[in-house]
Amino acid sequence: MDRQTSLSQDIGHAAAETYLVTRLAFTLLRYLGVGYRWYTRLIALLCYALLLMPGFVQVAYFYFFSSQVRRSVVYGDQPRNRLDLYLPTSNNGPKPVVVFVTGGAWIIGYKAWGSLLGLQLAERDVIVACVDYRNFPQGTISDMVKDVSQGVSFVCNVIARYGGDPNRIYLMGQSAGAHISACVLLEQAIKESRGESTTWSVSQIKAYFGLSGGIMEGKESFEQYSPEVRIKGPGNREAASLLPPIKLFHGTSDLSIPSDASINLAEALKGAGAEAEVILYEGKSHTDLFLQDPLRGGKDDLFDHLVAVIHAGDEEALAKDALAPPRKRFVPEILLRLASLISPF
């Protein structure tokens, strides 16, 4: 009876989340418009999703039914203030933690987008917390930054209850999530440099990973919500000195956000005295690094780099990583190649 009740709850939750994702997708289309260009991109997007569907189904099954996933943990009082936790199966000591902020054009960001990353990092003894946040038009960029900062604070202060190490937390964002999380990190450093009271500290973040990230544009919001512009502001050099090592990853064939965005941000950070590095992947698109390559399984340079940084200094973990079996392939290579050819990103 308990199992039947749990199964019905899981199915109900899956239906509710599917409805939410569908509604977010239609919201995005409404804001993009319905011209010829967007019709063709919509068709390309649908074909792209169908080609990758074998992988999506497998990851979705893990997300909804695995005992390793703690879905929708409440971290704040807003409707979207929820996060998902992906927990390793072993419990031999406190684990490093990655706080991940998903992308979605600031309009369709959703915590479940990080399920593939959560699954694969959990296999390497890393806890992953995927933070949800209000999207436009539910909230402004300021609201998104506020939500994610609150989520990071929750993880920093509570993750020990789930077996995480509060002194080994890594912040990571992808696409729009990279922009939002960079704003969060810089805003926190500025507050601390001014002596303001905070609920978490930049010193708890061991490193920041930005994947295919962009910056906000527009006359009114550019300065306030562009980390590249803000770090150059007067008086922010002390804040820059508080930042953890920053690693930015970008594909050179990214059509959504050119790799120059990461290059320029790294230069601005280094100019202010922060430690920043850009790692470019030749020929990779906006989604290759985050989606196609992980679905491909096997060896992945970006994934290996992340794991090496996270487990740096832990000889036992590094030895275990070296002996880890190849990652599972979720989608046949032919479908991945076709998806890359028609990708609208």
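Residues numbered from 1 in each chain as written. Predicted model: local features only at pLDDT ≥ 70, side-chain atom pairs only at ≥ 80, totals over all residues. Heavy atoms only, no water.

The name given to the protein in an unreviewed UniProt entry is protein-S-isoprenylcysteine alpha-carbonyl methylesterase, with Hibiscus sabdariffa as the source organism. Heading Catalytic activity (unreviewed entry) of the UniProt record for the protein holds this comment: "[protein]-C-terminal S-[(2E,6E)-farnesyl]-L-cysteine methyl ester + H2O = [protein]-C-terminal S-[(2E,6E)-farnesyl]-L-cysteine + methanol + H(+)". The protein has a UniProt comment under Sequence similarities (unreviewed entry) that states "Belongs to the AB hydrolase superfamily. Isoprenylcysteine methylesterase family." (UniProt positions renumbered as here; feature names shortened; annotations may be inferred.)

Looking now at the pattern of salt bridges. The full count for this structure, using the stated rule, is 20 salt bridges. Arg-296 is the salt-bridge partner of Asp-293, the closest N and O atoms lying 2.8 Å from each other. Here Asp-293 and its partner Arg-296 are both found in helix 11 (residues 288–296), 3 residues apart, which amounts to about one turn of the helix. Residue class for Asp-293 comes out buried when judged on its relative accessible area of 10%. Judged by its relative accessible area of 22%, Arg-296 is partly exposed. Close ionic contact of Asp-300 with Arg-327 constitutes a salt bridge, the shortest N to O distance being 3.0 Å. You can see Asp-300 sitting in the loop between helix 11 and helix 12 (301–310) and its partner Arg-327 sitting in the loop between helix 13 (315–322) and helix 14 (333–342), a full 27 residues away along the chain. Like Asp-300, the residue Arg-327 is buried in the burial classification. (Salt bridge = Lys/Arg side-chain N within 4 Å of Asp/Glu carboxyl O. Helix = DSSP H or I, 4+ residues; strand = E, 2+ residues; numbered from the N terminus. Buried < 20%, exposed > 50% of the residue type's maximum accessible area, 1.4 Å probe, protein only.)

Turning our attention to the environment of Thr-287. Note that Thr-287 resides in the loop between strand 8 (276–281) and helix 11. The sequence separation of Thr-287 and Leu-255 amounts to 32 residues, and the corresponding C-alpha distance is 9.8 Å. Among residues more than four places away in sequence, those in contact with Thr-287 are Tyr-48, Gln-292, Ser-343 and Phe-345. (Contact = heavy atoms within 4.5 Å.)

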